[in-house]
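Observations on the three-dimensional arrangement
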Amino acid sequence: MSKVHIRRTWNPYLIGSIMLHPDIWATVAEDGQDPGDFNPDPEHDAWLVVSVDHIEIGIFHLPRFNGVTLEIHAQVLPEYRKEYSKASGRAALNWIYDNVTWCKKVIAWVPTTYPNVKNYARSMGFKTEGKSRESYLKNGELVDQWLLGITRTEIGELRHG
């Protein structure tokens, strides 16, 4: 397995090339979201691009939730998921730890229709913290979302543990 590299990007075209990949968009977009309306704001939110051997394989979106918390949204292209999802997730958490000193907590909202994503987050050290009922619309159905979180201290322990 080649080494995963992660860096912040401000390039909306690069962000779009991954987010608008048909497999990714079909999974992450709620009902009614049009790919033509996707307009990332890399000045407001952090976007981390993941690459392997100079090939961009994924992106992490890090919107600020509040004064001490970031949300995280992970997208790895389908052909690279099996081999690089875990290394990408670790790299993103390490980047946050090293570069976002004000961040004391990272959270993820995961629709209950995606237990594989919940399991992935838990394998990265996230803990299930709650559920938001009927808060995501997909395929005409309102579904619940799990709230998962990891603290800065827990990320540090995973790095040094």
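Scope of this entry: the structure provided in the associated data block. (Residues numbered from 1 in each chain as written. Predicted model: local features only at pLDDT ≥ 70, side-chain atom pairs only at ≥ 80, totals over all residues. Heavy atoms only, no water.)

1. Quick word on the layout of surface pockets
Considered as a void within the structure, the largest pocket measures approximately 1,200 Å³ in volume. Taken together, 41 residues make up the lining of the largest pocket; nearest its centre are V28, H73, A74, Q75 and V117. Secondary-structure elements contributing two or more residues to the lining of the largest pocket are α2 (22-28), β3 (55-62), β5 (73-76), α3 (78-99), β6 (105-111) and α4 (115-123). Class assignment for the residues of the lining of the largest pocket results in 23 nonpolar, 11 polar and 7 charged. Around the second largest pocket, the lining residues are R90, L93, N94, S123, M124, I155, L158 and R159. (1 Å grid on protein atoms, 1.4 Å probe; cavity = no way out; pocket = protein on both sides within 12 Å on 5 of 7 lines; lining within 4 Å. Points joined across faces, edges and corners; volume = space filled by probe spheres on them. Helix = DSSP H or I, 4+ residues; strand = E, 2+ residues; numbered from the N terminus. Nonpolar A, V, L, I, M, F, W, Y, C, P; charged D, E, K, R; others polar.)

2. Topic: the pattern of salt bridges
Applying the stated criterion across every chain, the model contains 5 salt bridges. A salt bridge links R7 to E56; the nearest nitrogen and oxygen atoms lie 3.3 Å apart. With R7 in strand β1 (residues 4-8) and E56 in strand β3, this pair connects stretches of sequence that are 49 residues apart. By relative accessible area, which is 38% here, R7 ends up partly exposed. (Salt bridge = Lys/Arg side-chain N within 4 Å of Asp/Glu carboxyl O. Buried < 20%, exposed > 50% of the residue type's maximum accessible area, 1.4 Å probe, protein only.)

3. Considerations on the nonpolar core
Counting 30 residues, the largest nonpolar core has V4, L62, I72, L93, I96, V106 and F126 as its most contacted members. Secondary structure elements with two or more residues in this core: β2 (46-52), β3, α3, β6 and β8 (141-151). Top contributing element to this core by residue count: α3, with 7 residues. Within the second largest apolar cluster, 9 residues are counted, among which are L14, V49, I59 and L77. (Core = buried A, V, L, I, M, F, W, Y, C linked by side-chain atoms within 4.5 Å.)

4. Concerning the environment of K104
By secondary structure assignment, the location of K104 is in the loop between α3 and β6. Sequence separation of K104 and V76 is 28 residues, and the distance between their C-alpha atoms is 25 Å. Ignoring sequence-local partners within four residues, the contact set of K104 consists of V68, T151 and R152. (Contact = heavy atoms within 4.5 Å.)

5. Points about the packing of aromatic side chains
Scanning the entire structure with this criterion turns up 3 aromatic pairs. Members of the aromatic cluster, joined through ring pairs, are W25, F38 and W47. Between R64 and the ring centre of W102, over which it is positioned, the NZ or CZ distance is 3.7 Å. Over the face of the ring belonging to W146 we find K118, whose NZ or CZ atom lies 4.3 Å from the ring centre. (Phe/Tyr/Trp six-rings, centres within 6.5 Å; stacked < 30°, edge-to-face > 60°. Lys NZ or Arg CZ within 6 Å of the ring centre and 35° of its normal.)

6. Examining the sheet that holds strand β4 (residues 69-71)
Adjacent strands of a sheet pair through backbone hydrogen bonds, lying either parallel or antiparallel. Pairing within the open sheet is mixed, and its 4 strands lie in the order β4-β6-β8-β7. The open sheet terminates on both sides in strands that have one partner only, identified here as β4 and β7 (127-138). On average, each strand axis in the sheet is inclined to that of its neighbour by 30 degrees, with strand direction left out of account. In this sheet, β6 lies alongside β4 in parallel orientation, the contact comprising 3 bridges. Within β6, the position partnered with L70 by the bridge is V106. Relative to the sheet, helix α5 (residues 152-160) contacts β6, β7 and β8, its axis offset from that of β8 by approximately 65 degrees. (Pairing = 2+ DSSP bridges. Axes fitted to C-alpha atoms, helices over the stretch in contact; angles between N-to-C directions.)

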